[in-house]
Amino acid sequence: MQPIPEFISYSDLVAFSGSSAEHLVSLSCPALSSAPGFRLMAKPEPRARTVLEPLAQVELSNHSRSPTRSLAIWTVSDSETLTYVGTQSGTLILFSTNPNNPTTTTTSETASKSTSFSPQNISLLRSASVGDDSPVDRILVLAEIGKVLVLSDGALFLVDYLLLQPVKRLSFFKGVSVITMRFRSSNQAESTNLLESNANSNASSSDYASTSQRLLQRLGGGIRANGLRVKESEQHHRSEGNFVFSFVIGKRLILVELVLGNRANKSEEDVDGVNGSFVVLKEIQCIDGIMTMVWLDDSIIVGTVNGYSLYSCVTGQSGIIFTLPDMSSPPQLKLMWREWKVLLLVDNVGVLVNAHGQPVGGSLVFRHGAPDSIAEISSYVVVVKDGNLELYHKKSGRCLQTVTFGGEGVGPCVVADDEVGGGKLLAVATPNKVIFYRNLPSEEQIKDLLRKKNFKEAITLVEELECDGEMSEDMLSFVHAQVGFLLLFDLHFEEAVNHFLQSETMQPSEVFPFIMRDPNRWSLLVPRNRYWGLHPPPKPLEDVVDDGLMAIQRATFLIKAGVETLIDDEFLSNPPNRADLLESAIQNITRYLEVCRQKELTLSVREGVDTLLMYLYRALNRISDMEKLASSTNSCIVEELETLLDDSGHLRTLAFLYASKGMSSKALAIWRILARNYSTGLWKDPVLENGLQDTSNNSISSKEIAATEASKILEESSDQDLVLQHLGWIADVNQVLAVRVLTSEKRAIQLSPDEVIAAIDPRKVEIFQRYIQWLIEDQDCDYTQIHTLYALSLAKSAIEAFDADNVYQNANIGRLDEAEISDNRMNSIFESPVRERLQIFLQSSDLYDPEEVLDLIEGSELWLEKAILYRKLGQEALVLQILALKLEDSEAAEQYCAEIGRPDAYMQLLDMYLDPQDGKEPMFKAAVRLLHNHGESLDPLQVLEKLSPDMPLQLASETILRMFRARLHHHRQGLIVRNLSLAVDVDASLARLEERSRHIQINDESLCDSCHARLGTKLFAMYPDDTIVCYKCFRRQGESTSVTGRNFKEDVLIKPGWLVTR
């Protein structure tokens, strides 16, 4: 053992330095104070909470004149709890209590004073005398076998749990000062079987074997003396039982086991009427002066006036956990069986340690000094002193409840709980009476806090219960909803909705009555759940605000009269404004419904949420949110909102709502009205917001917005009559939108082309052309009528554009007109000019009637278009004439001749150049260009015949000489190619002859190059690379691939010849 250091007294330490209990711990045990898990919890003054309620009280003076010394509780069933009271005179008194029969209503006042009891809850069963006027120091209830083990005057006594049989003394044990029972935690790895441990060790050489134990072993080991058995052979063949005890006799720590009858020798009788016998497991040398002891798993923690020590029941080794200062309170140990921790008392500080003696979690600081006794119930620690009971939460360390059950000088008190059953009853004994307290059900505790407006305390309690596994998540959600309704009626709307959102079980329909008065469409959806009846029934927010303001006004008069109220002090000091409260209420209920929209709801509830959300948006004048909700996928009921939105002038929102519900006709009618008079749309024009003053531009901007929204509806509509009905006004606003409507791919059934073409305004030529272009290019329309109609429309527009360009090319047109022309082109649907589109279509399409188009443009100056049409008709001479003479495009003319592919086409073009007709001068440069580019394709004699005598010689001489030279070169080149071809043919024939004349000699030693089999007289084949294979391998390899892997079709083998070499 380590020496115990000297310390100054705790009172002197505090008086000298003003230090706290935590500072004392750091001085007395630095290792403990510096441990990671050690801390002293702050103890702010909490609001009162009722956890324990008085159940019954019994005066002991009617049954025994001796004061109380010890106390024990055993929960037999849910309806019966047995209480054993040990007195100073050795009397054991048994009471029976029903914890489920409270006959009084507990309030915070009665719970704190313990003044209301019912004698019907407790009854005296019987009493028994244990010793000769010796105090009953300890009572241990052995619930599983229905026995009670009593320590009195250093001796152990055993009695049945109903005190029906006489008390039997186990006379072998004498001088026992402290006894405890072994408790095993849920972690079995932390607990060792002592019988197996003893079997693996040599008992004869044990340092802890007592003289009496060695004597019993020498006498045979099977001798039983007054209830004690030490039988070595049985320890090797059985495991440790459920009732193992440790008691102190002087400086000896003796570990024994109570063996039941079915595990002992069946031939033996009960020991003194007890069905079982005791077996000594181990004896350990310990320190003197042990006053308290707890055995958890393999650790035995003992307490003396000097401090706390830990002994290992397996090895017998010991160590100091904590050293107490001088003049400190007596040591106390309490097993916290719910967490399997041990509470060590250091004056007014309770330190929690685990089975290894290491501090875990926080420590408890008791407000009124060191307690007389400690107990545990649920998640709380209960201490008693000087007639006061205090209840502390184990995790937070806060004192939650204080109960006064006796005046000053009442004497030492004892508190007891059910250490093995975890019951809900607590007993407190003073020298002359016993008071029983019942753990108030969690729901009642929560209700009591809610009645006192302690909402945060209530939520904290529920969260603690959920963390401890004593309350479900649904209950937590239920309490959040209950708190939310209470806060709502207290006019704290933001906090109320915050609690609503934390509730997983609250239905959105529960807030419907706060928005719309009953009866309404959704009245039957509202669950008739008043919760705990702590708040009024739901009513519209206006009534909630009015009633709340009236309550504030009433509370103001009550406070002046000296009456306390539960109204918020902030409201009393600064009364709120009705409009502000109502706006806050609507905003927060709106926030709640917005979150509810993201949840999975039934159709009827979703309809109510969306419809009422629209009501709230309108009340807040949140137009953008109204339109966003109406235009998105929603479940709004149109009948509920139609009149409301129409009367309030929210036509845009109504139009969006109609469109989302498929009521396209009504939506389009509204957009048409808005396009005519947009000021009723309750919408801010972006042009006006930008500060522009041009009213015409503003009007156009507003109309385009209406037309855009209408076009979105029509793009998806397959109702042809509806589309054509609204096409006109949309086209008047924006032709691009009209085209988008007609050419939309979103609709399920496309419109009839004939009906659309007939419905398009003839003045909207570009819409007409763009629609037909879409039919031809995107819809692959192959109707000749459509193609011809498109070509005629383009031709007509091209003629008009050509004539307009000629007019505007007049020198008298100023720059302003040019700007107007540019602006008109920018407003066009098409990006490319109409003539370009006409030319592209005339060239690409073969389905229109070229003669009909040609008749339209015959008298115009559209020469290129005429050339394209004449080409379609096959009139080559007219095409060449237009290209060469009208357009003077020599390149295009020569390209057309190349497309014709006949030499006479070039001669015809040359003739046109040399003799243009109509009084034009010959085009000698174009003729020379033609001869230069395509002279080799012309007959020189015909060219000479065609040349005009008036043509200057210097222009044609060089070209004619080149023609002759090219002619001669072409002839000689042909001769060379002919002779080379003959040479190659001769070389190939010679090579073939050589290959056929090759010979190979095969003998008996010849092998196949593939399978290496002897060829002999077998058929074989030889590849061009001289490899030889048998016929079987030849069939497998094929005739194009040899054994070497060379493919002769892809990699040709070339052998040198007289002309061709590698």
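Thresholds applied
- Residues numbered from 1 in each chain as written.
- Predicted model: local features only at pLDDT ≥ 70, side-chain atom pairs only at ≥ 80, totals over all residues.
- Heavy atoms only, no water.
- Helix = DSSP H or I, 4+ residues; strand = E, 2+ residues; numbered from the N terminus.
- Areas by Shrake-Rupley, 256 points an atom, 1.4 Å probe, with all protein chains shown as cover.
- Phe/Tyr/Trp six-rings, centres within 6.5 Å; stacked < 30°, edge-to-face > 60°.
- Lys NZ or Arg CZ within 6 Å of the ring centre and 35° of its normal.
- Pairing = 2+ DSSP bridges.
- Patch = residues over 30% accessible without salt bridge, like charges linked within 9 Å, V, L, I, M, F, W, Y side chains within 5 Å.
- Salt bridge = Lys/Arg side-chain N within 4 Å of Asp/Glu carboxyl O.
- Axes fitted to C-alpha atoms, helices over the stretch in contact; angles between N-to-C directions.
- Parallel < 35°, antiparallel > 145°, perpendicular 65-115°, else oblique.
- Contact = heavy atoms within 4.5 Å.
- Nonpolar A, V, L, I, M, F, W, Y, C, P; charged D, E, K, R; others polar.
- pLDDT = per-residue confidence, 0-100.

(A) Local environment of the overall build of the protein. What the protein contains, in helices and strands, is 37 helices and 32 strands. With an accessible surface of roughly 53,900 Å², the protein has 49% of that area assigned to carbon and sulfur atoms.

(B) Here's a closer look at the packing of aromatic side chains. With the rule as written, the count across this model stands at 17 aromatic pairs. An aromatic cluster is defined as three or more aromatic residues linked by ring pairs; in this entry it consists of Phe 478, Phe 485, Phe 489, Phe 500, Phe 514, Tyr 531, Trp 532 and Tyr 592. Seen from the ring of Phe 830, Arg 837 lies directly overhead, with NZ or CZ sitting 3.8 Å from the centre. For the cation-ring pair, Lys 866 lies above Trp 863, with the distance from its terminal atom to the ring centre recorded as 4.0 Å.

(C) Quick look at the sheet that holds strand β21 (residues 341-346). Spatial ordering of the open sheet is given by β20-β21-β22-β23, a layout of four strands whose pairing is antiparallel. A single partner strand is all that each edge strand has here, and the edge strands are β20 (333-336) and β23 (364-365). As paired strands, β21 and strand β22 (residues 349-353) are joined by five bridges and run antiparallel to one another. Of the residues in β22, the one forming a bridge with Val 346 is Val 349.

(D) Local environment of unusual backbone geometry. In this chain, Asp 518 is followed by Pro 519 through a cis amide linkage whose omega measures -5 degrees. Positionally, Pro 519 belongs in the loop between α11 (493-502) and α12 (541-560). The residue Asp 297 is not glycine, and still its phi comes out positive at about 55 degrees. A positive phi angle, near 55 degrees, is found at Asp 780, a position not held by glycine. Tracing the backbone shows Asp 780 in the loop between α25 (765-777) and α26 (784-808).

(E) Spotlight on a nonpolar patch on the surface. A cluster of nonpolar side chains, namely Ile 1000, Phe 1020 and Met 1022, defines an oily patch on the protein surface of about 230 Å² accessible area. Locating Met 1022 in the fold gives a position in strand β31 (residues 1020-1022).

(F) Examining the packing of helix α31 (residues 876-886) against helix α32 (residues 890-900) more closely. Running from N to C, α31 and α32 point in directions that differ by 155 degrees, and their axes come no closer than 8 Å. By the angle between their directions, the pair α31 and α32 is classed as roughly antiparallel. Here α31 contributes Glu 876, Val 879, Leu 880, Leu 883 and Ala 884 to the contact with α32, which in turn contributes Ala 892, Ala 893, Tyr 896, Cys 897 and Ile 900. Residues of the contact of α31 with α32, tallied by class, amount to nine nonpolar, no polar and one charged.

(G) Representation of the confidence of the model for the protein in the model. Summary statistics for the protein give a mean pLDDT of 81 and a share of 80% for residues scoring 70 or more. Scored below 50 in pLDDT, residues 679-699 shows 24 contacts in the model against residues more than four places distant or in partner chains. Here residues 811-826 is modelled with pLDDT under 50, and outside its nearest four sequence neighbours on either side it reaches four contacts, counting other chains as well.

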